[in-house]
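In case you want the letters, here they are:
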Amino acid sequence: MTQLELETTTGDGTAPATPPRRRRRRRTSVFWLALPLAAAAILVFVLPLTGLLPEAGQNLDATRRPPGFLAGGAWSHPLGTDKLGQDVLRQFVTAGRITIVIGLVGAVVAIGPGTLLGVLAGYFRGWVDRVISVLIDAQLALPFILIALAIISNRGSSLPVLFLVLALTGWAVCARVTRSATLAIRERQFVLGLRAAGASETRIVFRHVLPNLAGTIVALGTLQVGTAILIESALSFLGLGVVPPMISWGSLLASGQDELSQAWWIAFFPGLAITLLVLLVNLLGDALLTHHDPRKRRR
């Protein structure tokens with residue numbers, strides 16, 4: 001046994017029980033990280049249903065109005081207006097709904113193939129592992145922007161194409177992590193016992209290995225949400241993301257870059273929202289990954 005294994009096991013070879021206080025602390029940290037994310041989701045998805053948002057449309061008599069809390073602003077436009085007199089708060093909420101959906105769907109389309117390939121490589125090993133590992137290394141060696149440019153220049157900008165880009169740029173990281181976790185699980189006593197009892201490889205993989213990877217997959221999916229949001233924001237900033245009239249926080253950030261000297265709030269609030277949302281999602285994903293990794297819990 002390695003030094004780490006000796007430190008994380010008791011005399012009879014089993015893992016030591018986690019103290020109740022430490023378990024409660026981990027649950028509390030996950031709760032307090034999930035709370036602001038839930039509040040952001042409510043803001044973006046529920047607020048439009050309340051009728052409290054300012055009216056949509058352009059108003060050329062109220063262009064570049066500052067937010068209500070600044071001098072010259074009005075609370076009829078709490079976050080100000082843009083160069084066309086459109087309310088920034090309404091645009092912010094509408095764009096946030098698109099950004100969050102893209103983040104969630106982008107995580108799913110990356111986690112699905114990444115998990116499948118990672119499990120196959122880690123469980124069957126041999127030539128299957130070698131081929132998939134080469135594909136993982138090749139994908140990680142390519143900058144995502146080159147992949148995005150190649151696909152979008154050929155297929156055009158649309159949500160399905162954007163999801164294809166997110167899948168192709170995100171699966172490799174998921175595959176590498178799940179491969180490593182599968183390599184450890186396949187050597188556990190219950191898997192060896194199932195194999196000795198004559199259970200089929202397919203049954204072992206889908207009925208026993210995958211359920212043991214559920215915690216890791218959820219944590220990876222949470223981290224992938226933040227990655228998908230950043231990729232979409234970068235592509236929208238370059239004009240390769242969502243297609244008008246659809247807007248996202250990335251496209252709002254791009255539209256406000258030329259107005260920073262006159263109306264900084266147009267780009268500031270979407271940029272701040274992207275930063276905070278990705279930070280909270282990554283912290284939540286790291287907390288979930290720590291919760292399901294005994295070695296990280298020990299440290």
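Residues numbered from 1 in each chain as written. Predicted model: local features only at pLDDT ≥ 70, side-chain atom pairs only at ≥ 80, totals over all residues. Heavy atoms only, no water.

(A) Molecular detail of the environment of V278. On the secondary structure map, V278 appears in helix α12 (residues 265–291). Residues V278 and L37, 241 residues apart in the sequence, show an inter-C-alpha distance of 10.0 Å. If sequence neighbours within four positions are ignored, V278 has contacts with G226, I229 and L230. (Helix = DSSP H or I, 4+ residues; strand = E, 2+ residues; numbered from the N terminus. Contact = heavy atoms within 4.5 Å.)

(B) Structural context of the confidence of the model for the chain. In the predicted model, the chain carries a mean pLDDT of 81, and 84% of its residues have values of at least 70. Considering only residues more than four positions removed or in separate chains, one finds that residues 1–16, a stretch of pLDDT under 50, has 12 contacts. (pLDDT = per-residue confidence, 0-100.)

(C) Spotlight on helix α10 (residues 214–237). Given a rise of 1.5 Å per residue, 24 residues ought to cover 34 Å, and the 34 Å separating the end C-alpha atoms of α10 matches this to within 8%. Buried residues dominate α10, accounting for 17 of its 24 residues. (Expected span 1.5 Å × (residues − 1). Buried < 20%, exposed > 50% of the residue type's maximum accessible area, 1.4 Å probe, protein only.)

(D) Molecular detail of the packing of helix α5 (residues 126–141) against helix α7 (residues 159–185). Relative to each other, α5 and α7 sit at 135°, their axes nearing to 9 Å. As the angle between them shows, α5 and α7 are arranged oblique. When the axes of α5 and α7 are compared, the crossing they make is left-handed. Of α7, the residues touching α5 (which contributes D129, S133, L135, I136, D137, Q139 and L140) are L168, T169, W171, A172, V173, A175, R176 and R179. Looking at the contact of α5 with α7, its residues break down into 8 nonpolar, 3 polar and 4 charged. (Axes fitted to C-alpha atoms, helices over the stretch in contact; angles between N-to-C directions. Parallel < 35°, antiparallel > 145°, perpendicular 65-115°, else oblique. Left-handed = near helix turned anticlockwise from the far one by under 90°. Nonpolar A, V, L, I, M, F, W, Y, C, P; charged D, E, K, R; others polar.)

(E) A look at the packing of helix α4 (residues 88–124) against α10. It is at 7 Å that the axes of α4 and α10 come closest, and there the two elements cross at 125°. Here α4 is positioned oblique relative to α10, judged by the angle of their axes. Considering only the axes of α4 and α10, their crossing is right-handed. Between α4 and α10, the residues in contact are T99, I102, G103, L104, G106, A107, A110, I111 and T115 and I217, L220, G221, Q224, V225, A228, I229 and E232, respectively. Partitioned by chemical class, the residues of the contact of α4 with α10 number 10 nonpolar, 6 polar and 1 charged.

(F) Expanded view of the pattern of salt bridges. The full count for this structure, using the stated rule, is 4 salt bridges. R179 is paired through a salt bridge with D129; the nearest N and O atoms lie 2.7 Å apart. Note that R179 is positioned in helix α7 and D129 in helix α5, a separation of 50 residues in sequence. Given the relative accessible area of 24%, R179 is considered partly exposed. Between D137 and R176 there is a salt bridge whose closest N-O contact spans 2.4 Å. (Salt bridge = Lys/Arg side-chain N within 4 Å of Asp/Glu carboxyl O.)

(G) Focus on α5. The terminal C-alpha atoms of α5, which comprises 16 residues, lie 23 Å apart, in line with the 22 Å expected from a rise of 1.5 Å per residue. Every buried residue of α5 is accounted for by V128, D129, I132, S133, I136 and Q139. Down the axis of α5, the sector holding all buried residues measures 125°, keeping them to one side. Residues of α5 that are exposed and angled more than 90 degrees away from the buried face: W127, R130, V134 and A141. Buried residues along α5 sit in contact with α4, α6 (144–155) and α7. (Arc of directions from axis to C-beta.)

(H) Structural view of the nonpolar core. Core analysis: the largest hydrophobic core is formed by 29 residues, its most contacted members being F92, V93, I229, W249, W265 and L277. Elements supplying a minimum of two residues to this core: α2 (20–45), α4, α10, α11 (249–255) and α12. A per-element tally of this core places α12 first, with 11 residues. For L277, the residues in contact, after removing those within four places along its chain, are L37, I100, I229 and W249. (Core = buried A, V, L, I, M, F, W, Y, C linked by side-chain atoms within 4.5 Å.)

(I) Seen up close, the side chain of H77. With respect to the secondary-structure elements, H77 resides in the loop between α3 (47–50) and α4. The exposure class assigned to H77 is buried, which follows from its relative accessible area of 16%. Among the polar contacts made by the side chain of H77, one reaches the side chain of D87 at a distance of 2.9 Å. (Polar contact = N/O pair within 3.5 Å; in protein donor to acceptor, adjacent residues only side chain to side chain.)

(J) Inspection of unusual backbone geometry at higher detail. Here P244 and P245 are connected by a cis peptide whose omega angle stands at 10°. Structurally, P245 is set in the loop between α10 and α11. Of note, the phi angle at R64 is positive, near 55°, even though the residue is not glycine. Counting through the fold element by element, R64 comes out in the loop between α3 and α4.

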